Amino acid sequence: MALQSSGVTFRKILSHFPEELSLAFAYGSGVYRQAGPNSDQKNAMMDFVFTVDDPVAWHTKNLKKNRSHYSLLKFLGPRIITSIQNNYGAGVYYNSLIMCDGRLIKYGVISTNVLIEDLLNWNNLYIAGRLQKPVKIVAMNENVTLRSALDKNLRSAVTAAFLMLPESFSEEDLFIEIAGLSYSGDFRMVVGEDKTKVLNIVKPNMAHFRELYGSILQENPQVVYKTQQGRLEIDKSPEGQFTQLMTLPKTLQQQINHITDPPGKNRDVEETLFQVAHDPDCGDVVRLGMKKSMIYSSLKLHKMWKGWQRKTS
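Conventions used here
Throughout, a residue's number is its position along its own chain's written sequence, starting from 1. Only residues with pLDDT of at least 70 are given local features in this predicted model, and only at 80 or more are side-chain atom pairs given and counted; all residues enter the totals for whole chains, interfaces and linings. Computation of side-chain values: all heavy atoms of the structure, hydrogens and water removed. Pairing between strands requires that DSSP locate at least two bridges from one strand to the other. Helix and strand assignments come from DSSP, with helices taken as H or I runs of at least 4 residues and strands as E runs of at least 2, each series counted from the N terminus. Every angle, taken between N-to-C directions, lies between 0 and 180 degrees, and every axis is a line fitted to C-alpha atoms, over only the stretch in contact when it is a helix. Throughout, a residue-residue contact means that at least one pair of heavy atoms, one from each residue, lies within 4.5 Å. Using a 1.4 Å probe on the protein chains alone, a residue whose accessible area is under 20% of its type maximum counts as buried, one over 50% counts as exposed, and one in between counts as partly exposed. Whenever two N or O atoms come within 3.5 Å, that pair is a polar contact, provided that in protein one can donate a hydrogen and the other can accept it, and provided that, for residues adjacent in sequence, both atoms are side-chain atoms.

What follows concerns the sheet that holds strand 8 (residues 231–234). An order of 6-8-7 is seen for the 3 strands of this open sheet, with the pairing classed as antiparallel. Each having just a single partner strand, strand 6 (168–170) and strand 7 (223–226) make up the two edges of the open sheet. For this sheet, the mean inter-axis angle between neighbouring strands, taken without regard to orientation, is 20°. Pairing geometry for strand 6 and strand 8, over 3 bridges, is antiparallel. By the bridge assignment for strand 8, S170 is matched with R231. Across the sheet, helix 7 (residues 171–180) is in contact with strand 6, strand 7 and strand 8; its angle to strand 6 comes to roughly 80°.

Bringing the pairing of strand 2 (residues 46–52) into the picture now. For a regular strand, side-chain orientation follows a simple rule: the groups alternate between the two sheet faces. In terms of burial, strand 2 is largely enclosed, as 7 of its 7 residues are buried. Across the two faces of strand 2 the burial is the same, with M46, F48, F50 and V52 and D47, V49 and T51 all buried. Where strand 1 (residues 23–27) meets strand 2, 5 bridges bridge the pair, whose relative direction is antiparallel. Looking at strand 2, one finds that F25 is bridged to V49. Relative to strand 4 (residues 103–111), strand 2 runs parallel, the two sharing 7 bridges. Directly across from F48, in strand 4, lies its bridge partner Y107.

What follows concerns the side chain of K133. Counting through the fold element by element, K133 comes out in the loop between helix 5 (126–130) and strand 5 (136–140). The class of K133 is buried, set by a relative accessible area of 9%. Within the local environment of K133, its side chain forms a polar contact with the backbone oxygen of A179, the two atoms lying 3.5 Å apart. The contacts of K133, once residues within four sequence positions are left out, are A179, S182, Y183, I201, F209 and L212.

Function-wise, these values are silent; they only describe arrangement.
Structure follows, in structure tokens:
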């Protein structure tokens, strides 16, 4: 469940920052109840993400307002901070371990355009992955493109999970699959702490997942959603799977194409996806595609981070 402090606490914290936010949300154990040993809500750090249209202007104002939040980078100024934000990590710049309004918080700043790209194409699934799980939206402006990208990200998560699940499954199976997407891309391969983490996110928050995905599941023509029993049945015909594969985010489609296209053939993506849709192991191919996407993006992030360390050392 969401915590009692909700609305007012979040808005108070937000009032300490420059106002120009296209989206602000809070996530993690400081916001939603999670099972497990680290579920002490009272002292949990609150995690925020702030989406801004103009990062240079926003950091300029925030450096005036909250200079102490920044590390030594504050001496390099807003342009360098923005350049690090856009070019290293997943397009997010974090200030961590900040005391704000009596609460310990960490906040990430991401450009609206970078977020929209990730939501639509799953470039690295870092913030898009967070937004596939319940979060507390604290502020949001009327950016139609952003709203539609947020919706597309949820639909893509459902589609990817459908392709990896059998013909009939429970709501919990679906939400666990979705919550595991941004880990290794293959929930079955998630081990130990991360596996427990995914289960701890889903089990106490089934109602929030239903709220997030309910209408998408009810409107989907390929699904029979038995809400009373909490069970779903999906179309596993090659035609059904082809339709689903064709709506997946671009990065994942390209990875699937990469895995299944034999060297020298150079088939186009649609041709490959048509073939995968008819493959009895379609689900495993999608899983592998997810996994490769995640590995690829984490290698990319690692490389960028290494490059940044070299530049600054």
